[in-house]
Amino acid sequence: MKPLKRRVRRSILVAHVAVSVGWLGLTVGLLTLSLTAFRTGDPAVAHASTRAMKVFGDWLVVPVALASLLSGLVLALGTPWGLARHRWVWTKFWLTLVTVGLSVFSLRPGIDAAAARGSVDIDLVIAPAVASATYLFITAISVLKPWGRTRRGRPKVSVVPR
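Residues numbered from 1 in each chain as written. Predicted model: local features only at pLDDT ≥ 70, side-chain atom pairs only at ≥ 80, totals over all residues. Heavy atoms only, no water.

(A) Local environment of the overall build of the protein. Helix and strand counts for the protein stand at 4 helices and 0 strands. Shown N-terminal to C-terminal, the secondary structure of the protein runs as helices and strands in the order α-α-α-α. Rg of the C-alpha trace for the protein: 20 Å, well past the compact-globule value of 15 Å for 162 residues, more than 25% over. Seen along its three principal axes, the alpha-carbon backbone of the protein occupies a region of about 80 × 30 × 25 Å. Here the protein holds 162 residues, and the buried ones make up 36% of them. A separation threshold of at least 6 residues defines the contact pool for the protein, and within that pool the share at least 24 residues apart is 78%. For the protein, the exposed area adds up to about 10000 Å²; of that, 68% sits on carbon and sulfur atoms. (Helix = DSSP H or I, 4+ residues; strand = E, 2+ residues; numbered from the N terminus. Rg over C-alpha atoms; globule rule 2.2 N^0.38 Å. Buried < 20%, exposed > 50% of the residue type's maximum accessible area, 1.4 Å probe, protein only. Contact = heavy atoms within 4.5 Å. Areas by Shrake-Rupley, 256 points an atom, 1.4 Å probe, with all protein chains shown as cover.)

Structure, rendered in structure tokens:
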């Protein structure tokens, strides 16, 4: 892929940060709602919490997750960071890919089932807690950029015979 022009790169970077932080906020909101539904003794509160979770799950989880993944891929492939040149970028990619898959194939169906029952199992408390921790970790490595380059990202050293 050709390198992105400065204005395009910066626009995509802003969009990526906004969507990724939104994804973190969404999972914290889901965690709050699931804890409320799990801990309350009031069936009406539990039902309201699971219905709110369903709105988030139906309208936000998949588009936000995919937007984060796609904008990150465009940035990785269109900038010198690359996708597999630095360990932190490679780690972010795989963690994002796994969490997108879990969001689509596990979290959303779990939210749908909880909304139908009007109550939450511990699984639906653990899932957004783990997701929130994962997104915080991804955010931290995005800022700190630890671990250096991968083998693929190291400069080629050529030995000149004497």
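(B) Looking closely at helix 2 (residues 43-78). In a regular helix each residue adds 1.5 Å, so 36 residues correspond to 52 Å; helix 2 covers 50 Å between its end C-alpha atoms and thus fits that length. Helix geometry: helix 2 is bent most strongly at L60, by close to 45°, with proline P63 lying one to four residues after it. One side-chain oxygen at the N-terminal end of helix 2 lies 3.0 Å from the backbone nitrogen of A44; it belongs to D42. (Expected span 1.5 Å × (residues − 1). Bend = angle between axes of the 7 residues up to and from the residue. Polar contact = N/O pair within 3.5 Å; in protein donor to acceptor, adjacent residues only side chain to side chain.)

(C) Focus on the packing of aromatic side chains. Counted according to the given criterion, the structure contains 6 aromatic pairs. Between the aromatic rings of W81 and W88, the centroid separation amounts to 5.1 Å while the plane-to-plane angle is 75°, which identifies the pairing as edge-to-face. Taking the relative accessible area as the measure of exposure, W81 reaches 38% and is therefore partly exposed. Centroid distance F137 to W147: 6.3 Å. Interplanar angle 40°. Geometry classified as tilted. (Phe/Tyr/Trp six-rings, centres within 6.5 Å; stacked < 30°, edge-to-face > 60°.)

(D) Representation of the packing of helix 1 (residues 6-39) against helix 3 (residues 87-117) in the model. The contact between helix 1 and helix 3 brings their axes to 14 Å, and the two run at 40°. Between helix 1 and helix 3, the angle falls in the class oblique. The hand of the helix 1/helix 3 crossing is left-handed. Packed against helix 1, whose contacting residues are H16, W23 and L30, the element helix 3 presents K92, T96, T99, V100, S103, L107 and I111 at the interface. Of the residues that constitute the contact of helix 1 with helix 3, the class distribution is 5 nonpolar, 4 polar and 1 charged. (Axes fitted to C-alpha atoms, helices over the stretch in contact; angles between N-to-C directions. Parallel < 35°, antiparallel > 145°, perpendicular 65-115°, else oblique. Left-handed = near helix turned anticlockwise from the far one by under 90°. Nonpolar A, V, L, I, M, F, W, Y, C, P; charged D, E, K, R; others polar.)

(E) Molecular detail of the pattern of salt bridges. With the rule as written, the count across this model stands at 4 salt bridges. Residue D58 is joined to K54 by a salt bridge in which the shortest nitrogen-to-oxygen separation is 2.9 Å. Separated by 4 residues within a single helix, D58 and K54 lie in helix 2, roughly one turn from each other. Here D112 makes a salt bridge to K54, at a shortest N to O gap of 3.1 Å. A residue pair is termed long-range when its members are at least 10 positions apart, and D112 in helix 3 and K54 in helix 2 qualify at 58 residues. (Salt bridge = Lys/Arg side-chain N within 4 Å of Asp/Glu carboxyl O.)

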